[in-house]
Structure formats: structure tokens, C-alpha cells
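Given next are the chains, with one letter for each unit.
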Amino acid sequence: DIVMTQSPPSLPVTPGEPASISCRSNQSLLHSNGNNYLDWYLHKPGQSPHLLIYLGSSRAPGVPDRFSGSGSGTDFTLKISRVEAEDVGVYYCMQGLQTPLTFGGGTNVEIK
Amino acid sequence: QVHLQESGPGLVKPSETLSLTCSVSGGSIKTTNYFWGWIRRSPGKGLEWIGSIVYRANTYYHPSFKSRVTIAVDTSKNQVSLNLTSVTAADTAIYYCARRGRAINVIYGFEVWGQGAKVTVSS
């Protein structure tokens, strides 16, 4: 199985300030077709998870442009340019390259 | 706009079978353009993929569940089902169904999720 490691596990943030979450895999997620099979999800309290970023850097429809994904191979980053109060929740990365699909342990983003 | 709705018993006894249904509205499951997946979140833990199915194609299961899990589609009802046998307290979780797009040479993320079904395993 591909192991996904996220850091930090907890991230206190200040509204208006940037934030960054790291995700690393123990195998490259770069497919021969040139796509990195890495997604980012946000699980807000009391809601279902929702997709933020797919294929490493493509923003899902309706996702604010303050969210961006970058990276390739085994190292990926999710950045929030200016955190808003509604961004609190647990962020997960997920590898979609091979089954079993595996998630990172999550990063709990909370307002300071 | 497609909508997913999970349903099933909220309480299951240990050693029995957990059965959940995901009703799909606003779109047909009779297409090979999507994976239909089940993902759960156990108390105090993160997200865990259980398995996925593609209409008239393959079914994929997490090895941790493989001997206990069955995912199937019911085209007459436009539903995806999850059966998990021999449950224990460790199977207590919120179970989500979700849809993941696929096309030639590319697979997208799980872009549509149900609201989740909370299942407690207890006698």
C-alpha cells in the first residue's frame, strides 16, 4: 500500500494569513501519462468531505482560488493564500494512483 | 446535478452484516464514466477507503476488508450497495458513498459525496 504522510497534524491559523499543508507519499504518484494522482479534501465539522484539488494542482469546480495545490512525485503542498474562518476543518490528501486508495492522517486547521 | 443519499440501519449487532444503500439521483449509474466508492470515518480516526465499483466493469476492495465486503450496483433502483459481514465495534463509523470521475487516461477526484450514514456496532 502507498503510505501518505501529512504535516503538520494540527495547524492553528490567523484569518487573513497564509497557510500550508504538506503531504508526502512513499511511492511516486506520477503516472506515465504525466498526471500526479493526488487529491486534497476538506472535511468540515458536521459536513461531508469535499474535493478541493485533484491531479495535484487542478482546483475543483466552485473551490475558491485562495486554495492551490502543487508538487509532483512524492511531495505535495496545499496552500491557502489568505485563510478565512470558513476554512476550518480537517484537510486530507489522498493518493489515487493505485488501489487501495489511501489517505493521509489529516491536518486539523483551526482558528487561533 | 447529481445527489447521493446513503441509507441503512444506524445500529448493527456484532458479528452481523452491515448493509447500506446509496441512492443516486440526478444522474444514472449506468455509465462507465464514474467509480462509485464507499469511504468511512471511524471515531477519532481519519478517512478510510473501503472499495469502489464501475458499472459493468471492475470492483475494487481494500485488502483489509476484502474477505468481508461486497459492493454492487442495482440499475433498476439506481443505487450502489455496501455489505460488510462479521462486523465488530471497530466498524463503527460514518459511511460515505462518493463518485469519482474517470475518462481515457485520467481519473479525477471524488467530486460528489453523500451526507453520510452513521453506523454503530453494539449489542
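Asks: It is not clear to me how the overall build of chain A should be interpreted in this structure. Could you clarify?
Replies: When its secondary structure is counted, chain A shows zero helices and 11 strands. Relative to the globule expectation of 13 Å for 112 residues, the C-alpha radius of gyration of chain A, 13 Å, shows essentially globular dimensions. Considering only C-alpha atoms, chain A reaches an extent of 40 × 25 × 25 Å along its principal axes. Considering only contacts in chain A between residues 6 or more positions apart, those separated by 24 or more positions represent 54%. For chain A, the computed accessible surface area is about 4,900 Å², with 47% contributed by carbon and sulfur atoms. Looking at charge distribution, chain A has the averaged site of its 7 positive side-chain charges lying 5 Å from that of its 9 negative ones.

Asks: Can you walk me through the pattern of salt bridges in this structure?
Replies: When their charged atoms lie close together, side chains carrying opposite charge are able to pair. All names here are of chain A. The final tally for this structure, using the stated rule, is eight salt bridges over all chains. Close ionic contact of E86 with R66 constitutes a salt bridge, the shortest N to O distance being 2.9 Å. With E86 in the loop between β8 (75-80) and β9 (89-95) and R66 in the loop between β6 (58-59) and β7 (67-72), the pair connects residues that are 20 residues apart, well separated along the chain. For E86, a relative accessible area of 43% gives the class partly exposed. Taking the shortest distance from any N to any O, the salt bridge between R66 and D87 comes out at 2.7 Å. One end of the pair, R66, is in the loop between β6 and β7; the other, D87, is in the loop between β8 and β9, with 21 residues separating them in the sequence. Note on D87: relative accessible area 2%, which makes it buried. Look at the salt bridges and you will find they share partners, linking R66, E84, E86 and D87 into a network.

What counts and what doesn't
- Residues numbered from 1 in each chain as written.
- Chains lettered and ligands numbered in written order.
- Predicted model: local features only at pLDDT ≥ 70, side-chain atom pairs only at ≥ 80, totals over all residues.
- Heavy atoms only, no water.
- Helix = DSSP H or I, 4+ residues; strand = E, 2+ residues; numbered from the N terminus.
- Rg over C-alpha atoms; globule rule 2.2 N^0.38 Å.
- Contact = heavy atoms within 4.5 Å.
- Areas by Shrake-Rupley, 256 points an atom, 1.4 Å probe, with all protein chains shown as cover.
- Lys, Arg positive; Asp, Glu negative; His and termini not counted.
- Charge placed at Lys NZ, Arg CZ, Asp CG, Glu CD.
- Salt bridge = Lys/Arg side-chain N within 4 Å of Asp/Glu carboxyl O.
- Buried < 20%, exposed > 50% of the residue type's maximum accessible area, 1.4 Å probe, protein only.

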